[in-house]
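Chain and residue survey
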Amino acid sequence: MREFQIRSNEAGQRLDKYLKKLLCNAPGSFVYKMMRKKNIVLNGKKTAGAEQLKEGDLVTLFLSDETFLKFSGGEQALSEYEKLKKISGRLSVVYEDPDVIIINKPAGMLSQKARESDLSANEYILAYLVREHVLTEEMMRTFKPSVCNRLDRNTSGLLIAGKTLRGLQEMSDALRMRTVKKYYRCIVRGEIKEETYVKGWLWKDSKTNRVTVSELRPNGQQGARASMLAREIETEYRPVLVKNGYTELEVHLITGRSHQIRAHLAYLGHPIIGDEKYGDRSINEQFRRRFGISSQLLHAYRMEFEDGRAVTAPCPVEFDLIRNDLTASCSH
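In short, a report on the structure. Please read these numbers as outputs of a predicted model, since none were measured by experiment. (Residues numbered from 1 in each chain as written. Predicted model: local features only at pLDDT ≥ 70, side-chain atom pairs only at ≥ 80, totals over all residues. Heavy atoms only, no water.)

Further remarks concern unusual backbone geometry. Even without glycine at this site, Lys38 takes up a positive phi of about 60°. Its location among the elements puts Lys38 in the loop between α2 (28–36) and β2 (40–42). Positive phi outside glycine occurs at Asn43, with the angle close to 55°. (Helix = DSSP H or I, 4+ residues; strand = E, 2+ residues; numbered from the N terminus.)

Time to look at a positive patch on the surface. Together, Lys33, Arg36, Lys37, Lys38 and Lys46 make up a positively charged patch on the protein surface. Residue Lys38 is classed as partly exposed on the basis of its relative accessible area of 48%. (Patch = residues over 30% accessible without salt bridge, like charges linked within 9 Å, V, L, I, M, F, W, Y side chains within 5 Å. Areas by Shrake-Rupley, 256 points an atom, 1.4 Å probe, with all protein chains shown as cover. Salt bridge = Lys/Arg side-chain N within 4 Å of Asp/Glu carboxyl O. Lys, Arg positive; Asp, Glu negative; His and termini not counted. Charge placed at Lys NZ, Arg CZ, Asp CG, Glu CD. Buried < 20%, exposed > 50% of the residue type's maximum accessible area, 1.4 Å probe, protein only.)

Further remarks concern the pairing of strand β13 (residues 298–304). For β13, the buried fraction is high: 6 of the 7 residues fall into the buried class. With 2 bridges joining them, strand β7 (residues 156–162) and β13 adopt parallel strand pairing. Directly across from Gly157, in β13, lies its bridge partner Ala300. Bridge count between strand β8 (residues 181–189) and β13: 6 bridges; the pairing is antiparallel. Residue pairing for β13: Tyr184 is matched across the bridge by Ala300. Where β13 and strand β14 (residues 310–312) come together, 3 bridges link them in antiparallel fashion. Bridge pairing in β14 links Glu304 to Ala310. Here β13 folds back onto β14 in antiparallel fashion, the turn holding 5 residues, of which Gly308 has a positive phi close to 100°. (Pairing = 2+ DSSP bridges.)

Taken by themselves, the reported measurements are silent on function.
What follows is the structure, given as structure tokens:
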């Protein structure tokens with residue numbers, strides 16, 4: 001027999017979903033059969049699995065140790081937990097509460113791993129929670145904290161993760177419903193002297209991982225497929241610093257589509273410095289030689305939440321180098 005008391009980060013979900021995480025290697029038919037035969041009970045009573053779990057509930061499994069270990073993936077969880085304990089590296093945490101953690105992701109780091117061998121921001125966050133004794137091996141059987149938003153590998157800035165199920169659900173809902181206002185900083189070619197609001201259409205070629213932007217929704221025979229996949233985009237931006245043919249912008253990302261800021265600004269004739277996919281190659285090379293720029297100058301700078309909270313991540317040092325240079329160049 002094994003007993004599991006429901007914690008805050010497990011509450012709010014259906015019992016059958018919880019059991020499928022706990023017994024991750026078991027077929028669903030086995031889980032429901034064990035509930036029917038009262039080999040799995042909730043608070044000492046027979047259960048159908050549709051009950052919503054509350055903090056403090058007691059789930060009891062009348063299973064042999066051999067059966068539990070076979071279906072729980074215990075060795076796998078232990079292996080992953082031990083791997084996390086070995087991950088080192090300083091994490092720039094800019095906000096943390098019992099349910100949510102927000103970090104300042106550096107450029108060059110994946111938000112989530114694309115391959116099993118990748119080491120992404122998600123793994124660094126998990127390792128941090130293990131070191132801080134917030135995440136235990138037992139917890140990992142039924143819930144694993146995860147990032148809620150994504151940034152391109154070469155975009156730096158604010159990345160949110162849910163430490164608990166409640167935090168993950170609340171932040172994911174807020175991002176989906178756009179109740180979180182997201183502001184970015186970037187340095188672009190050209191001088192932009194007025195605050196601007198722009199709309200357009202964006203569609204993505206999954207084979208090349210490139211997006212295309214248009215003011216009008218594609219139509220007609222040639223654009224039939226693109227029209228079907230096109231998604232409307234909205235962006236606001238205002239100049240922060242305008243000097244010597246370049247502008248630092250603060251961009252309000254209203255709709256969060258793939259590569260939206262990069263592709264939209266490039267379409268408008270203001271590519272982001274350092275952007276290898278949508279930018280100006282000759283200018284990128286100039287800034288690489290002069291400042292050692294190795295990634296696009298796009299930074300997820302500030303988030304404003306519906307409850308009045310605001311979180312800011314300082315821009316990378318490259319922004320200061322270029323700001324100072326542009327200002328100095330103008331003073332001579």
